[in-house]
Amino acid sequence: MKFDGINEKTLVLIKPDSVQRGLVGEILRRFETKGLKVVGLKLMRLDEAVLREHYAHIAEKPFYPSVEKFMMSSPVAVVCLEGRECVDAVRLMMGPTKSRIAPPGSIRGDLAMGYGCNVIHGSDSVENAKLEVARFFKPEEIIEYDKSEYLHVYSEDERE
Ligand code: UDP
Ligand code: MG
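In this text the structure is predicted, and so the values were computed from the model without any measurement.

Chemist: Any chance you could explain helix 5 (residues 86–94) here in plain terms?
Modeler: Because an α-helix completes one turn every 3.6 residues, residues spaced three or four positions apart along the sequence face the same direction. For helix 5, the set of buried residues is Cys86, Val87, Val90, Met93 and Met94. Axial view of helix 5: buried residues confined to an arc of 130°, hence all on one face. On its buried side, helix 5 packs onto strand 1 (9–14), helix 2 (24–34), strand 3 (76–82), helix 6 (107–111), strand 4 (120–122) and helix 7 (126–136). Looking one or two residues past helix 5, Gly95 carries a phi angle of roughly 85°, positive in sign.

Here it is as structure tokens:
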């Protein structure tokens, strides 16, 4: 499935380096001014179990212990964003994993230098976004509401 219409959701983790460096507001601001809708927002401390599930694709890599230690070093801000093709839009805004080669203008390109310390996680596909939103949010923590600015964010045919 390529995209899920105007209600497509993605999961963002604003990582410990962002929380410690006071970048939570800056990162949220970028998503808000882009026109994405914040439908879930909270602070969480992550534990080994949830990280092993979330990072299953790298859990056997030699660098995994340092990723786990880093991700538990401080609370993270957990965000669910909504918008048309928002999974891809957020990945583009983030930039590539290795921050120091991420293009200027991207979140990692503007705000980070690290590989592990790369300020943000964003779901990499619509399918994974569904799993990740369910991993970090209870259903009642996702708040559906109308955003009046949508009249000026999407044209009528894109609002379906
Ligand atoms: N990571 C790392 N070293 C590597 C590859 C990944 O420290 O060589 C960390 C990095 O923090 C990255 C996370 O593991 O964000 C998950 O890796 P993934 O390939 O999913 O990158 P992302 O989707 O976050 O860009
Ligand atoms: Mg990833």
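Chemist: I tried to follow the site of ligand 1 on my own but got confused; where do I start?
Modeler: Lining the immediate environment of ligand 1, one finds Lys15, Tyr55, His57, Ile58, Phe63, Val67, Arg91, Thr97, Arg108, Tyr115, Gly116 and Asn118. Side-chain polar atom of Thr97 to an oxygen atom of ligand 1: 2.6 Å apart, as the coordinates give it. A distance of 3.4 Å separates an oxygen atom of ligand 1 from a polar backbone atom of Tyr115. Contact with the protein chains removes 82% of the 510 Å² of surface that ligand 1 exposes when unbound. Placement of ligand 1 is best described as lying within the largest pocket.

Chemist: Can you help me understand the pairing of strand 1 in this one?
Modeler: Remember that side chains alternate between the two faces of the sheet whenever the strand is regular. Within strand 1, 5 of the 6 residues are buried, leaving the element largely enclosed by the surrounding structure. Sheet topology note: the strand 1/strand 3 ladder contains 6 bridges and is antiparallel. Along strand 3, the bridge assignment pairs Leu13 with Val78. Bridge analysis of strand 1 against strand 4 gives 3 bridges, and the strand direction is antiparallel. Within strand 4, the residue paired with Ile14 across the bridge is Ile120.

Criteria and cut-off values
- Per chain, the residues get numbers from 1 upward, laid out in the order the sequence is written.
- Each chain takes a letter, starting from A, and each ligand takes a number, starting from 1, following the order in which they are written.
- Two thresholds apply to this predicted model, a pLDDT of at least 70 for residue-level local features and 80 or more for giving and counting side-chain atom pairs, whereas whole-chain, interface and lining totals are computed over all residues.
- Computation of side-chain values: all heavy atoms of the structure, hydrogens and water removed.
- Whether a residue is buried, partly exposed or exposed follows from its accessible area with a 1.4 Å probe, protein chains only, as a fraction of its type maximum: under 20%, in between, or over 50%, in that order.
- In this description a helix means any DSSP run of H or I spanning at least four residues, a strand means any run of E spanning at least two, and both kinds are numbered starting from the N terminus.
- Our arc is simply the arc of the directions from the helix axis toward the C-beta atoms.
- Any two residues whose heavy atoms approach within 4.5 Å at even a single point are treated as in contact.
- We call a residue near a molecule or strand as soon as one heavy atom of that residue lies within 4 Å of the molecule or strand.
- Pairs of N or O atoms are called polar contacts if they sit within 3.5 Å, as long as, within protein, a hydrogen donor faces a hydrogen acceptor (for residues adjacent in sequence, only side-chain-to-side-chain pairs).
- Areas reported here follow the Shrake-Rupley algorithm with a probe of radius 1.4 Å; residue values treat only the protein chains shown as occluding.
- For cavity detection a 1 Å grid was placed over the protein atoms alone, and a set of points counts as a cavity when a 1.4 Å probe fits there but cannot get out; an open set counts as a pocket when protein lies on both sides within 12 Å along at least five of seven lines, with lining residues being those that have an atom within 4 Å of a point.
- Assignment to a cavity or pocket requires that more than half of a molecule's atoms be within 2 Å of the site's grid points.
- Strand pairing is assigned whenever DSSP identifies at least 2 bridges connecting the two strands.

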